[in-house]
Amino acid sequence: MKKLRIIVLVTVIVALIAALPGPARPAQAQDTIRFWTFEYTQAVDPFFQAYIDEWNATHDIQVEWQEYPWAQYTGEILTTGIATGEAPDVFFISPGDWRRYAESGLALPLNDYMPDYLLEDLLPASVDAVTLDGNIYSIPFEMEPVALWYNKAMLEEAGLEVPQSWDELLSAAEQLTTPNRYGILLPMNPDYFENFIFYPFLWMAGADVVNEDFTEAAVDTPEAARALDLWGTLVRNGWAAPTSTGNDPTDDRFGNEQAAMFVSGYWVWGWLSESYPDLLENIGVAPIPAPEAGDELATVYGGWTVMVYAGTEPPEAAAEFAINMFGAEDNTRAAEWGIVYNTKLSPRQSVLEENADFYAEFPHNVFANEIFPTARAEPSYPPEIAQSVWEALQSVMFLDVPAEDAAATWAETINSYLATR
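The notes below deal with the structure included here. (Residues numbered from 1 in each chain as written. Predicted model: local features only at pLDDT ≥ 70, side-chain atom pairs only at ≥ 80, totals over all residues. Heavy atoms only, no water.)

1. A short note on the environment of Leu122
Assignment of secondary structure puts Leu122 in the loop between α5 (116-121) and α6 (124-128). Assessed through its relative accessible area of 2%, Leu122 is described here as buried. Not counting chain neighbours up to four residues away, the residues in contact with Leu122 comprise Met114, Val127, Pro140, Pro347, Arg348 and Gln349. (Helix = DSSP H or I, 4+ residues; strand = E, 2+ residues; numbered from the N terminus. Buried < 20%, exposed > 50% of the residue type's maximum accessible area, 1.4 Å probe, protein only. Contact = heavy atoms within 4.5 Å.)

Put into structure tokens, the structure is as follows:
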């Protein structure tokens, strides 16, 4: 019930945001830029602090940095801050939230502030992902493909190969499940991250959320039902953990060897390296299996971006701070973000080219050469459509709704919303 109350609260806040006439907030001192992120690990904090210290030593306008717990930041902090007039000037935004900020006039268009060298260096697909109606609304700085992580020792002990199809995935999850261990971990919280991890399964089944024209749902199909049923089968049989840990992108049950497989992103390697270094020799990574062995593979890549609030004063300084964090002509910070402080691919071609040796080592080579080429950017849907995705999943996993019925209801919800646009 607590999760339901939070979802209802956020939905109400989003509606309030959409109803706002434009960006507005109480006047603030002209000498401060408020910068918000979610909480990273302590190992990452020096990255931000070094940049902020450098900025504050060379600019009259000072930066104040505030970080928030993951679940609060992604679920309510940003929406509440803007609705109450306490918006940050610069903030990290997820692809799942990006569209509603861009469409609502809450994000500052950055075209006039983007240097030519950066536009030439960024991968075109990464720029397209942050562009709406010709306006660039945020700065991409990371690409994080999703894959299947697994414990090699557990698979070997069970006499299993890495799953190559959904039947093999189900069989492996069943055989790897014990009274003290789940076969697989998937995100269970009804939110944007759950959608993010589900999209590759939906796409590989041959379905999508909406059609290419964004005029009609594309989920009332046997293919969409098949993807829903896969997750429902894993949960209903007890092979996938039915709960999340509160920080879905990482999950200590995988690090503590309470789970044999884990569908998550490239960042997992950095997290394991810091928190469970003794486990690394037993860790493998592979593409998420397709429905049938040999089918075309697909995955999703996410990546937070840096957005500037449209109501910030002054916009020039906020845009400069946001862009130079990862987009300075000297690409050292951009490279360190993905190589030193995290494990992430950079959307800057120069970073990938100048660090070829790093991306030739495991598991970076797997992500760069095998997984990323099959990746599609995380789609950014209006909150009404995003909510319909996780509602369909939740109904199949926890309410025993047949996948075909869930897909039909899902389509009705999307089409009802699209009819109002």
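2. Some points on the packing of helix α10 (residues 222-236) against helix α17 (residues 383-398)
Direction vectors running N to C along α10 and α17 enclose 40°, while the axes themselves pass 8 Å from each other. Relative to α17, the element α10 is oriented oblique. Crossing hand, α10 versus α17: right-handed. Two secondary-structure elements touch here, α10 through Leu228, Asp229, Trp231, Gly232, Val235 and Arg236 and α17 through Ala392, Leu393, Val396, Met397 and Phe398. (Axes fitted to C-alpha atoms, helices over the stretch in contact; angles between N-to-C directions. Parallel < 35°, antiparallel > 145°, perpendicular 65-115°, else oblique. Left-handed = near helix turned anticlockwise from the far one by under 90°.)

3. Some remarks on the sheet that holds strand β12 (residues 305-308)
Strand order across the open sheet formed by five strands is β2-β1-β3-β12-β6, with mixed pairing between neighbours. The open sheet has two free edges, formed respectively by β2 (62-68) and β6 (138-140), since each of these has just one partner strand. Between one strand axis and the next, the sheet turns through 25° on average, direction left out of account. Lying on the sheet, helix α2 (residues 45-58) is in contact with β1 (32-38), β2 and β3 (90-93); it crosses β2 at an angle near 160°. (Pairing = 2+ DSSP bridges.)

4. Some details on the nonpolar core
Phe198, Val209, Leu228, Met261 and Trp410 are the most contacted members of the largest nonpolar core, which has 92 residues in total. With ten residues, helix α9 (residues 192-205) is the largest single contributor of residues to this core. In terms of nonpolar packing, the next biggest core, distinct from the first, is built from 55 residues, Ile93, Tyr101, Ala107 and Phe326 among them. (Core = buried A, V, L, I, M, F, W, Y, C linked by side-chain atoms within 4.5 Å.)

5. Some points on the packing of aromatic side chains
One pass over the structure, following the stated rule, counts 48 aromatic pairs. Here Trp36 and Tyr68 contribute two aromatic rings whose centre-to-centre distance is 5.1 Å and whose plane-to-plane angle is 65°, an arrangement assigned as edge-to-face. Placement of the pair is Trp36 in strand β1 and Tyr68 in strand β2, with a sequence separation of 32 residues. In this pair, the class of Trp36 matches that of Tyr68, namely buried. (Phe/Tyr/Trp six-rings, centres within 6.5 Å; stacked < 30°, edge-to-face > 60°.)

Any functional reading would require information that these geometric values do not contain.
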